[in-house]
Amino acid sequence: MTMKIRKNDTVLVIAGKDRGKRGKVRFAYPKDERIMVEGINFIKTHSRARRGARQAGIIEREAPIHVSNVILLCSQCDHPARIGFRNLEDGRKVRICRSCGEIID
Ligand SMILES: [Zn+2]
């Protein structure tokens, strides 16, 4: 199965504490169906002072969230997009926005 969300997409968070926020996908982990989104899902982690570590104590960093918690925002019409797929003549499979009909890739 092809994951609909990819790196550099802009997504809208629809569940969890960051609901309503939007951000750009930094990394996608298709195997886990998870994505890392800029500015979304900050978690606090404790880090020990150790040689080479830039920072000790509590640091906040982004953690991956499940793709079902977000929807893709169409890069063309900026609406939450229902995604379709279309096969181009050159064999590429591209995503299309069912709202405006434009190719998202
Ligand atoms: Zn669109």
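Criteria and cut-off values
- Residues numbered from 1 in each chain as written.
- Predicted model: local features only at pLDDT ≥ 70, side-chain atom pairs only at ≥ 80, totals over all residues.
- Heavy atoms only, no water.
- Helix = DSSP H or I, 4+ residues; strand = E, 2+ residues; numbered from the N terminus.
- Buried < 20%, exposed > 50% of the residue type's maximum accessible area, 1.4 Å probe, protein only.
- Contact = heavy atoms within 4.5 Å.
- Phe/Tyr/Trp six-rings, centres within 6.5 Å; stacked < 30°, edge-to-face > 60°.
- Lys NZ or Arg CZ within 6 Å of the ring centre and 35° of its normal.
- Donors = N, O, S within 2.8 Å, 3.2 Å for Na, K, Ca; no water.
- Tetrahedral: all angles 85-135°; square planar, octahedral: opposite > 155°, others 65-115°.
- Pairing = 2+ DSSP bridges.

Student: I keep staring at the overall build of the chain and nothing clicks. Help me out?
Tutor: A tally of regular secondary structure across the chain gives zero helices and nine strands. For the chain, the spread of C-alpha atoms along the three principal axes comes to 55 × 30 × 20 Å. Across the 105 residues in the chain, those meeting the buried criterion constitute 30%. Contacts in the chain between residues far apart in sequence, at least 24 positions, make up 39% of those at least 6 positions apart.

Student: It is not clear to me how the packing of aromatic side chains should be interpreted in this structure. Could you clarify?
Tutor: Both the distance between ring centres and the angle between the ring planes are used here to describe each pair of aromatic rings. Overall, the coordinates contain zero aromatic pairs when judged by the stated rule. Here the basic side chain of K93 rests over the ring of F85, its NZ or CZ set 4.8 Å away from the ring centre.

Student: I'm lost on the coordination of the zinc ion in this one. Help?
Tutor: By definition of the ideal shapes, four donors in a tetrahedron about a metal sit 109.5 degrees apart, and six donors in an octahedron sit 90 or 180 degrees apart. The protein atoms that coordinate the zinc ion are C74 (SG), C77 (SG), C97 (SG) and C100 (SG), at distances spanning 2.3 to 2.4 Å. Relative to the metal, the four donor atoms surrounding the zinc ion lie at angles of 105 to 117°, and the coordination shape comes out tetrahedral. Linear spacing of the donor residues for the zinc ion on their chain is C-x2-C-x19-C-x2-C. Within this pair, whereas C74 is found in the loop between β7 (70-72) and β8 (83-87), its partner C100 is found in the segment after β9 (93-97), the two being separated by 26 residues in sequence.

Student: Explanation requested: the pairing of strand β2 (residues 22-29) in the structure shown.
Tutor: In regular strands, side chains alternate between the two faces of the sheet. In the sheet, strand β1 (residues 10-13) pairs with β2 via three bridges, with the strands oriented antiparallel. Along β2, the bridge assignment pairs V11 with G23. Inspection of the sheet shows β2 paired to strand β3 (residues 34-37) by four bridges, in the antiparallel sense. Bridged to F27 within β3 is M36. Count of turn residues in the β2/β3 antiparallel hairpin: four residues, of which E33 carries a positive phi of about 55°.

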